[in-house]
Amino acid sequence: MSVEDRLAKLERRRAAKDLVRDGNRQAIGSAPQGGWALRRLHQEFADADESNGGVMFAGSGRLPSAEQFDWQVQFGTDDIVAYDWDDAAECLAALGSPVRLRILREILRGSRTAAELTDLDESGSSGQIYHHLRQLAATGWLHTVGNGRFEVPPNRVVPLLVALATARR
């Protein structure tokens, strides 16, 4: 890794820490009278007679590969708590591999074939890359789009970005 790459990585980490710190400071006094999103969410759940509230995540933006994404979903707290969390373990475990996360990042950036992905540093052999691709596809984080090309399905882009954002400290 070049000095420039290392410096850029450090700057991104510092910016992320500043965002989290600022977000935590804002979040302390934000519920329930907080920002527009919380007010709207409280109203949505009240209108739906969800007495225990819930969560919503949404996103809108453009990926480094120039693809646009717009997506949102919300779940009631009761539904989430009642869900069989064992079913989530395999899907979350697929994100627990640094190599798989690197593969997902490169795919979001526009590298779409296994051949392109084998050029990544420390990603392993082509057989190992295919193993990771199969695991990510089996858990819904990837699908094939023809000609040996992979993509993160449109309905998984925001959940992936949310999962990564929640891992920031």
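Refer to the structure presented above.
Below: a short report on this structure. Quantities reported herein were computed from a predicted structural model and do not represent experimental measurements.

Once that is clear, we can look at a nonpolar patch on the surface. Together, V55, F75, I80, Y83 and W85 make up an exposed nonpolar region whose accessible area comes to about 490 Å². With respect to the helices, strands and loops of the structure, V55 is situated in strand β1 (residues 54–62). Taking the relative accessible area as the measure of exposure, V55 reaches 39% and is therefore partly exposed.

Our focus in this paragraph is the pattern of salt bridges. For the structure on display, the rule yields three salt bridges. R40 is the partner of E44 in a salt bridge, and the nearest nitrogen-oxygen pair spans 3.2 Å. In this pair, E44 and R40 both sit in helix α2 (residues 36–47), four residues apart, roughly one turn of the helix. With a shortest N-O distance of 3.1 Å, R109 and E106 are connected by a salt bridge. Taken together, the residues span about one helical turn, with R109 and E106 both in helix α5 (residues 98–109) at a distance of three residues.

So, on to the packing of α5 against helix α7 (residues 126–138). A pair of packed helices is captured by two measures, namely the crossing angle of their axes and the spacing between those axes. Contact pair α5 / α7: the axes reach a minimum separation of 10 Å and the direction vectors enclose 80°. When the interaxial angle is binned, α5 and α7 end up roughly perpendicular. Taking contact as the criterion, the partners of V99, R100, I103, L104 and I107 in α5 are, on α7, I129, H131, H132, L133, Q135 and L136. Residue classes in the contact of α5 with α7 are distributed as seven nonpolar, three polar and one charged.

Bridging between β1 and strand β2 (residues 68–76) involves nine bridges; their strand directions are antiparallel. Paired with G61 across the bridge in β2 is F69. Hairpin remark: β1 followed by β2, antiparallel, with five residues in the connecting loop; positive phi at A66, about 80°.

Rules used throughout
- Residues numbered from 1 in each chain as written.
- Predicted model: local features only at pLDDT ≥ 70, side-chain atom pairs only at ≥ 80, totals over all residues.
- Heavy atoms only, no water.
- Patch = residues over 30% accessible without salt bridge, like charges linked within 9 Å, V, L, I, M, F, W, Y side chains within 5 Å.
- Areas by Shrake-Rupley, 256 points an atom, 1.4 Å probe, with all protein chains shown as cover.
- Salt bridge = Lys/Arg side-chain N within 4 Å of Asp/Glu carboxyl O.
- Helix = DSSP H or I, 4+ residues; strand = E, 2+ residues; numbered from the N terminus.
- Buried < 20%, exposed > 50% of the residue type's maximum accessible area, 1.4 Å probe, protein only.
- Axes fitted to C-alpha atoms, helices over the stretch in contact; angles between N-to-C directions.
- Parallel < 35°, antiparallel > 145°, perpendicular 65-115°, else oblique.
- Contact = heavy atoms within 4.5 Å.
- Nonpolar A, V, L, I, M, F, W, Y, C, P; charged D, E, K, R; others polar.
- Pairing = 2+ DSSP bridges.

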